[in-house]
Amino acid sequence: MNRMLPPPPPSPALAAIVALSLAAVSIPVRAQDLRVDTTGVSTLIDQGMNHSQAMQNLQHLTDVIGPRLTGSPAARAANDWTMVKFKEYGLDAHLEQWNFGGTWQRGPMWVRMTAPRAHDIVAASWAWAPGTGGKTVTGPAVRIDASTAESLEVYKAKAKGAFVMLRAPSFVWNNDGPPMTAADTERMRAGFRGFLGGGQRLDSAARARITQFNNDQPFLLRNAGALGILLDAGKEQDLLNMSGSPTRVLPLPQVVVAHEDYALAAIQPRLEVNVQNTLTMKDSVPQRNTVAEIKGTEQPGQVAIVGAHLDYWDLGTGATDNGTGAMATLEAARIIAQSGLKPKRTIRFILFTGEEEGLLGSRKYAEAHAAEADSIQAVIVLDNGAGAVTGQALQGHLETYALWRGLLAPVHRLNADTITDNQKGGTDHLSFIPYGVPGFNFNQITRGYNHTHHSQSDTWDKAIPADLMQASTVMAVAAYELANLPGLLARWEKRLPVPPILAAQVSPEVLRGGRNR
């Protein structure tokens, strides 16, 4: 899941809809969408808040099974265990296979600064990057501009025999200093926009050129003789960060370095690096999503989907990203099943894998079930850390405001009924939206998520029992109400065909350049 920026203020359009609603003026949405049946909701709230099993399940997932990198034995163990738990709670459950592009396993590594003084660097290998071939590699760390083919050509000689740093140190605020000013916040936002390539309006040809260069860049650096790439973790107090994907396998070591150590670039350090990873690239490696459901009594062929991703990186144990979301999904299933309430539509609970590598498991699931898209009521997911749910983000669909106001009214006393029009990215609801399925990711209290996110600090002790109980309960209530609406929600605009998942394509001449070294 992506890191969270401070939320923007509500748009004028949403503010206008809220004002109209509060003034009891009719809102132009279908009447059937507004008739939320709250019968039985108090039973769900009691089951979730007074009989929760979420924290003990989270502890087993994180402390017993541990990190769940997609393609690892632990990820499969998590699939198997959650399937058993769903069945224990009375649901029909199974594992649904999808195919993955190759597995990667982290091995031992170390990075040491040898000049101008001796210092052990806090670092970790990026996923789906190779090691140093069983050797200790020595060279300077140099800052270069490789943002374009032209700038890289200028710095090629400097890259040879060096560990290259492609960006200036990140903007990391000293939380022990004075509070951020408005200017500081804007500078932080500008840094994120620059990192994400925001603010540029480009035609399709220009975007294609940039994409191709980004695909080629690590190979061009390898061809130029670079020893590896260094990345700033962008967090404080030696916290690391992690990403990578089998759709973008790197040709040279890439190491993420604690921000405090990355900032040593100004003293032109010399490094010793030893990285041992195992990369097994195959065309098709079976992976699995865990799927369970409670059959509807009146419209079993229509489905409300509740989901979260089960996989994680391998620095911490994946409590806040996204063990809390996965266990809230499992707990929502338990709440509904053990309440004795029977939904009119089927409620399907899905724990996706492959999310961290690019929403791969949910994209494969949505693709495999494309023919059913018009029968999916909505997809709701939880993937913003350990915090309690504060309400819902409308994904820019203001016409759903009155619906969500009705759905969340019963959880007002749980402080979970605030509605924003945010378009949230970076998690599995996005995989269903191109098929016209309404998709939502709940808003949550941040609770330090920018610190734990993808770092070695993402562990069970960061979860908050009251917040996890509340989030699980809100998910159960919303799912049950969605399943009991009088009709299906209006479809969103379809964006078909959906592009297939493909590995990054490197220019043939760049690949040839590597073979000719």
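Here, every reference points to the structure presented above.
What counts and what doesn't
- Residues numbered from 1 in each chain as written.
- Predicted model: local features only at pLDDT ≥ 70, side-chain atom pairs only at ≥ 80, totals over all residues.
- Heavy atoms only, no water.
- Helix = DSSP H or I, 4+ residues; strand = E, 2+ residues; numbered from the N terminus.
- Expected span 1.5 Å × (residues − 1).
- Buried < 20%, exposed > 50% of the residue type's maximum accessible area, 1.4 Å probe, protein only.
- Pairing = 2+ DSSP bridges.
- 1 Å grid on protein atoms, 1.4 Å probe; cavity = no way out; pocket = protein on both sides within 12 Å on 5 of 7 lines; lining within 4 Å.
- Points joined across faces, edges and corners; volume = space filled by probe spheres on them.
- Nonpolar A, V, L, I, M, F, W, Y, C, P; charged D, E, K, R; others polar.
- Phe/Tyr/Trp six-rings, centres within 6.5 Å; stacked < 30°, edge-to-face > 60°.
- Lys NZ or Arg CZ within 6 Å of the ring centre and 35° of its normal.
- Axes fitted to C-alpha atoms, helices over the stretch in contact; angles between N-to-C directions.
- Parallel < 35°, antiparallel > 145°, perpendicular 65-115°, else oblique.
- Left-handed = near helix turned anticlockwise from the far one by under 90°.
- Contact = heavy atoms within 4.5 Å.
- Core = buried A, V, L, I, M, F, W, Y, C linked by side-chain atoms within 4.5 Å.

**Q** Explanation requested: helix α5 (residues 73–88) in the structure shown.
**A** Three- or four-residue spacings in an α-helix give side chains the same orientation, since the helix completes a turn every 3.6 residues. Over its 16 residues, α5 extends 23 Å from the first C-alpha to the last, a length consistent with the 22 Å expected when each residue adds 1.5 Å. Of the residues making up α5, those classed as buried are Ala74, Ala75, Ala78, Asn79, Trp81, Thr82, Met83, Lys85 and Phe86. Immediately beyond the C-terminal end of α5, within one or two residues, lies Gly90, with a positive phi of roughly 100°.

**Q** Teacher, can you tell me more about the pairing of strand β7 (residues 254–257) here?
**A** Remember that side chains alternate between the two faces of the sheet whenever the strand is regular. Burial along β7 is two-sided: Gln254 and Val256 facing one way and Val255 and Val257 facing the other are all buried. Sheet analysis places strand β3 (residues 123–125) next to β7, joined by 3 bridges and oriented antiparallel. Looking across to β7, one finds that Ala124 is bridged to Val256. Judged from the 4 bridges that link them, strand β6 (residues 228–232) and β7 form a sheet pairing that is parallel. Each residue of the ladder has a partner; that of Leu230, found in β7, is Val255.

**Q** What exactly am I supposed to notice about empty space enclosed by the protein here?
**A** Where empty space is left in the structure can be found by rolling a water-sized probe over the atoms. Tallying each qualifying case throughout the model produces 2 cavities of 30 Å³ or more. When its volume is computed, the largest cavity comes out at roughly 90 Å³. Val111, Ile121, Ala141, Met165, Leu230, Val257, Asp261, Tyr262, Leu264, Ala265, Pro269 and Leu271 together form the lining of the largest cavity. Tallied by class, the residues present in the lining of the largest cavity amount to 11 nonpolar, no polar and 1 charged. What lines the second largest cavity is simply Thr324, Gly325, Leu382, Gly385, Ala386, Gly387, Gln444, Asp467, Leu468 and Ala471. Counting residues per element, the ones that place at least two in the lining of the second largest cavity are α10 (319–339) and α14 (465–483). Ranked by the residues each element gives to the lining of the second largest cavity, the list is headed by α14, at 3 residues.

**Q** Just to check I follow, could you spell out the packing of aromatic side chains for this structure?
**A** Aromatic rings considered in pairs are described by the distance between their centres and by the relative angle of their planes. This model, assessed by the stated rule, comprises 12 aromatic pairs. Among the aromatic residues, ring-to-ring pairing joins Trp98, Phe100, Trp104, Trp128 and Trp313 into one connected group. The ring of Trp110 is capped by Arg112, whose NZ or CZ atom sits 4.6 Å from the centre of that ring.

**Q** Just checking my understanding: could you explain the packing of α10 against α14 for this structure?
**A** For any two helices packed against each other, the geometry comes down to the angle between their axes and how far apart the axes lie. Contact geometry of α10 with α14 gives a least axis separation of 8 Å together with a crossing angle of 55°. The orientation of α10 relative to α14 falls into the category oblique. Between α10 and α14 lies a crossing whose hand is right-handed. Contact residues: Thr324, Met327, Ala328, Thr329, Glu331, Ala332, Ile335 and Ile336 in α10; Leu468, Ser472, Thr473, Met475, Ala476, Ala479 and Tyr480 in α14. Of the residues that constitute the contact of α10 with α14, the class distribution is 10 nonpolar, 4 polar and 1 charged.

**Q** What is the right way to read the nonpolar core from this model?
**A** Soluble globular proteins tend to pack their nonpolar side chains together in the buried interior. Phe86, Ile336, Phe349, Ile380, Trp404, Phe442 and Leu482 are the most contacted members of the largest nonpolar core, which totals 67 residues. Not counting the four nearest positions on each side in its chain, Trp404 is found in contact with Ile380, Gln392, Leu394, Ile419, Phe440, Phe442, Ala478 and Leu482. Within the second largest apolar cluster, 18 residues are counted, among which are Leu69, Trp126, Trp128 and Trp313.

**Q** I would appreciate a short explanation of unusual backbone geometry in the present structure.
**A** Where the residue is not glycine, phi is negative for most of them; where a peptide bond is considered, it is trans in most cases. With omega at 10°, the peptide bond leading from Ala115 into Pro116 counts as cis. For Pro116, the location among the structural elements is in the loop between β1 (92–115) and β2 (119–121). Following Asp321, the chain continues to Asn322 via a peptide bond in cis, the omega torsion being 0°. Relative to the assigned elements, Asn322 resides in helix α10. The backbone phi angle of Asp238 is positive, close to 65°, even though this residue is not glycine. Inspection of the secondary structure assignment puts Asp238 in the loop between β6 and β7. A residue is classified by how much of its surface remains accessible, and Asp238, at 31% relative accessible area, is partly exposed. In this structure, Gln268 takes a positive phi of about 50° despite not being glycine. Structurally, the position occupied by Gln268 is in the loop between α9 (259–262) and β8 (270–294).

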